[in-house]
There are 2 protein chains.
Amino acid sequence: MTTTVITHIGSLVTNDPAVGDGSPLGLIRDAAVVIEDDKIAWVGPAGKAPAADETYDAQDRAVIPGFVDSHSHLVFAGDRTAEFNARMSGRGYSAGGIRTTVAATRAATDAELEANLLRHLHEARRQGTTTFETKSGYGLTVADEARALRIAAAHTEEVTYLGAHIVSPDYADDPAGYVDLVTGDMLAACAPYARWVDVFCEKGAFDGDQARAILTAGAAAGLIPRIHANQLGHGPGVQLAVELEAASADHCTHLTDADVDALGQAAATTVATLLPGAEFSTRAQWPDARRLIGAGATVALSTDCNPGSSYTSSMPFCIALAVRDMRMTPDEALWSATAGGARALRRTDVGTLTPGARADLALLDAPSHVHLAYRPGVPLVSAVWQRGVRAH
Amino acid sequence: MTTTVITHIGSLVTNDPAVGDGSPLGLIRDAAVVIEDDKIAWVGPAGKAPAADETYDAQDRAVIPGFVDSHSHLVFAGDRTAEFNARMSGRGYSAGGIRTTVAATRAATDAELEANLLRHLHEARRQGTTTFETKSGYGLTVADEARALRIAAAHTEEVTYLGAHIVSPDYADDPAGYVDLVTGDMLAACAPYARWVDVFCEKGAFDGDQARAILTAGAAAGLIPRIHANQLGHGPGVQLAVELEAASADHCTHLTDADVDALGQAAATTVATLLPGAEFSTRAQWPDARRLIGAGATVALSTDCNPGSSYTSSMPFCIALAVRDMRMTPDEALWSATAGGARALRRTDVGTLTPGARADLALLDAPSHVHLAYRPGVPLVSAVWQRGVRAH
């Protein structure tokens, strides 16, 4: 057993409303945290901290729970720089979109896919992310989807089967046949590696009935539903998420009043996960976070990191956007990027800094978490502990 | 004499249209750069690079000129977190605005001001900035303005006298008296430390006649004019900048057609410096970069780093905003953040990577400069050379 005390923390976010200032962030000023092996053993005022084997002086800077990034697409090969450049430069481009990435991913070796995944994971960790979910969805064959999930499962517990990202180009003339594959042989091959099943429920991808069939089949195979819902337009995704008790409805950009009410009523079950990096990189309409929060919905923030529509791994950047453009307060945004992400993954061991929680935390080069929005774009994460080990 | 070759550069931005692909960025694929002491000695295809004492392998990543941040306010004390938090949370706050920072700056010791300046400079350099301008303007007394410039001058050649930031609270009832001070004793005390004279020409700060008096007096004392112009509303700032052959008109958010035309015609003399961090952090209207570029204006990008309205030191973040929200192309934004900044400071030795230029350059953890916009918020600067010395 090894114990470490991080002391002289100017401002500690615990996400435990029972401690500190009593706010949802459970803020403690002049605080200390004691880590025992991979877990938090104690939090409280610095002056009352128990002795420990090792001491780390935070020099009055802020400590927050490590970010929980509950939505990413990191098993891929290639990039789409030319497509992005053309879109942002107002030039035409015969973009293959997701299909471009599917072709590159199928052509890559296992080692290449794993190296690319690890590169992005390390990049995210340097920015404070200690828990991340990632999906398949760029293979779209039984073998390619299963290998994506196998590679992901070696590096995170939060693995999502997204065979239903788009209809495979191989089934362009037979979408029903592709749904049969996704709910049949592909599911059977993928379920052993995954915890979650996901579907892109959107015009041009999968409609409500197809999405219900896919999520229901996934649930029967022991996977828990989550859903890409209402990103590009109104649609049945959010209602389906609530109906099927999905852990999360992701994107939530185009919502009717009924959608918002449903997410408010389902707050304990289905999280509304907002992904402002996607709106930033595609110049799309911002989700209305205030409307969701006003209705009582549980809101998570995540990067949606993927090479097409949101190629950022930066949770601090998403917080800055959420505050500036989605009108979340800095406190709400920090909660949603940590505790909110944990809710979206139905985890109680991460996203908070309370005794017994995983010792996943980030030290900021700033006196408070508000600086993540106040100082946009500045790399403020100066140290990261993951399961009690200094990882950056 | 020491020589270093940086080789296997996947994509090199030289900003020399005479080399490489002939574009304004002068892009060379599979390139090398040879540094001799503090200067660039050679650029060209990697296969033709001359031998050097030391070799650095860029591993197919991109190299760009170090950023030239031509507008910042870094001699200050305190911060304005509470004010920012209240503004972004929709709460009332009896903010003192610039006056809050003036009070904190006056109360700080020289050592505290210098330490704060250096902290921000090092932070900016880690993000690729190798040349920066900074201003006084939080002292507003003869002694406090002169000490701000003295401290700044120890760390950069680009020092700007901004006694005319706001009317000093000490002269609230006598703005004409304050202009007399700024053009008289304060100027005499400050001119030895500064290269530039600046004024905030805006309703609530200094009007056109006051601004003309201040810039003219500064010019008579050997300082070159630059001007905060047309940030919060229409006004005489841009026209005055062109009339006085100022090096730069900064902000340029609210422009008439006549203002845009004037900047187009003055492109060789007066740069339009856009500061998207300010619009981001105050939720203000974006400057219309396309309109300026269309009129032939020379456009620079800069951070405006200051604790009130734009507390970012990140040029990559400003590039991402310029592309997303001001509709610059990724190429234009990169040029404006390097060569454009150099033009705004009337420098020919920085902002380009050509033989004889200062060896100021940044290595990106990405295959191209486009990734600075394609991967928003991700800290992509992995190494920095300043005057030929590896500084990060």
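Rules used throughout
Here, residues in each chain are numbered from 1, in the same order as that chain's written sequence. A letter from A marks each chain and a number from 1 marks each ligand, given out in the order of writing. A pLDDT threshold of at least 70 governs which residues receive local features in this predicted model, and a stricter bar of 80 or more applies before side-chain atom pairs are shown or counted, although totals over entire chains, interfaces and linings include all residues. Side-chain metrics in this entry use all non-hydrogen atoms of the structure; hydrogen atoms and water are not considered. Contact between two residues is taken to exist if any of their heavy atoms lie within 4.5 Å; hydrogens are not considered. A side-chain nitrogen of Lys or Arg and a carboxyl oxygen of Asp or Glu constitute a salt bridge if their distance falls within 4 Å. Any pair of N or O atoms that falls within 3.5 Å is considered a polar contact. Within protein, one atom must be able to donate a hydrogen and the other to accept it, and sequence-neighbouring residues count only if both atoms are side-chain atoms. A run of H or I in DSSP counts as a helix once it spans at least four residues, and a run of E counts as a strand once it spans at least two, with each numbered from the N terminus. Between rings of Phe, Tyr and Trp, where Trp is taken as its six-membered ring, a pair exists when centres lie within 6.5 Å; planes separated by under 30 degrees are stacked, by over 60 edge-to-face, and by other angles tilted. Each residue gets one of three labels from its accessible area relative to the maximum for its type: buried under 20%, exposed over 50%, partly exposed in between, using a 1.4 Å probe on protein chains only. In our convention, an over-ring charge means Lys NZ or Arg CZ found within 6 Å of a ring centre and within 35 degrees of that ring's normal. Per the annotation, domain bounds derive from an automatic or database assignment of domains. Put simply, buried area is how much 1.4 Å-probe accessible surface two parts lose in total, over both of them, once they are put together.

Caption draft 1: Examining the interface of chain A and chain B more closely. With 45 residues of chain A at the contact, the number on the chain B side is 45 residues. If you look at where chain A meets chain B, you find two salt bridges. Taking the shortest distance from any N to any O, the salt bridge between R375 of chain B and E123 of chain A comes out at 2.8 Å. Summed over the shared surface of chain A and chain B, the result is 23 residue pairs in polar contact (both at pLDDT 80 or more). Where the side of chain A that touches chain B is concerned, the elements lending two or more residues are α1 (81–88), α3 (110–126), α10 (276–282), α12 (315–325) and α14 (371–374) of chain A.

Caption draft 2: The arrangement of the packing of aromatic side chains in detail. This model, assessed by the stated rule, comprises 17 aromatic pairs over all chains. Pairing Y171 of chain B with Y178 of chain B gives two aromatic rings, centres 5.4 Å apart and planes at 55 degrees, and the pair type is tilted. Note on Y171 of chain B: relative accessible area 25%, which makes it partly exposed. Overall, the relative accessible area of 0% leaves Y178 of chain B in the buried class. Pairing F280 of chain B with F317 of chain B gives two aromatic rings, centres 5.1 Å apart and planes at 85 degrees, and the pair type is edge-to-face. One end of the pair, F280 of chain B, is in helix α10 (residues 276–282); the other, F317 of chain B, is in helix α12 (residues 315–325), and 37 residues separate them in sequence. Clustering of aromatic rings is evident, with ring pairs tying together F76, F84, Y138 and Y311 of chain A together with Y374 of chain B. Directly above the ring of Y311 of chain B sits R375 of chain A, whose terminal nitrogen or CZ lies 3.8 Å from the centroid. The ring of W385 of chain A has R390 of chain A sitting right over it, with the charged end atom 5.4 Å from the ring centre.

Caption draft 3: Representation of the domain arrangement of chain A. Residues and elements named next belong to chain A. Considered domain by domain, chain A is made up of domain 1 (3–66 + 351–390) and domain 2 (67–344). The gap between the C-alpha centroids of domain 1 and domain 2 is 29 Å. Contact residues are listed per partner, giving 21 residues for domain 1 and 20 residues for domain 2. Carbon and sulfur atoms make up 66% of the surface buried where domain 1 meets domain 2, a total of about 1600 Å² over both sides. At the boundary of domain 1 and domain 2, one finds two salt bridges.

Caption draft 4: Molecular detail of the pattern of salt bridges. Applying the stated criterion to the full structure yields 45 salt bridges over all chains. A salt bridge links R61 of chain A to D365 of chain A; the nearest nitrogen and oxygen atoms lie 3.7 Å apart. Residue R61 of chain A is located in the loop between β4 (54–57) and β5 (62–65), and its partner D365 of chain A is located in the loop between β15 (361–364) and α14; the two are separated by 304 residues in the primary sequence. D349 of chain B is the salt-bridge partner of R347 of chain B, the closest N and O atoms lying 2.7 Å from each other.

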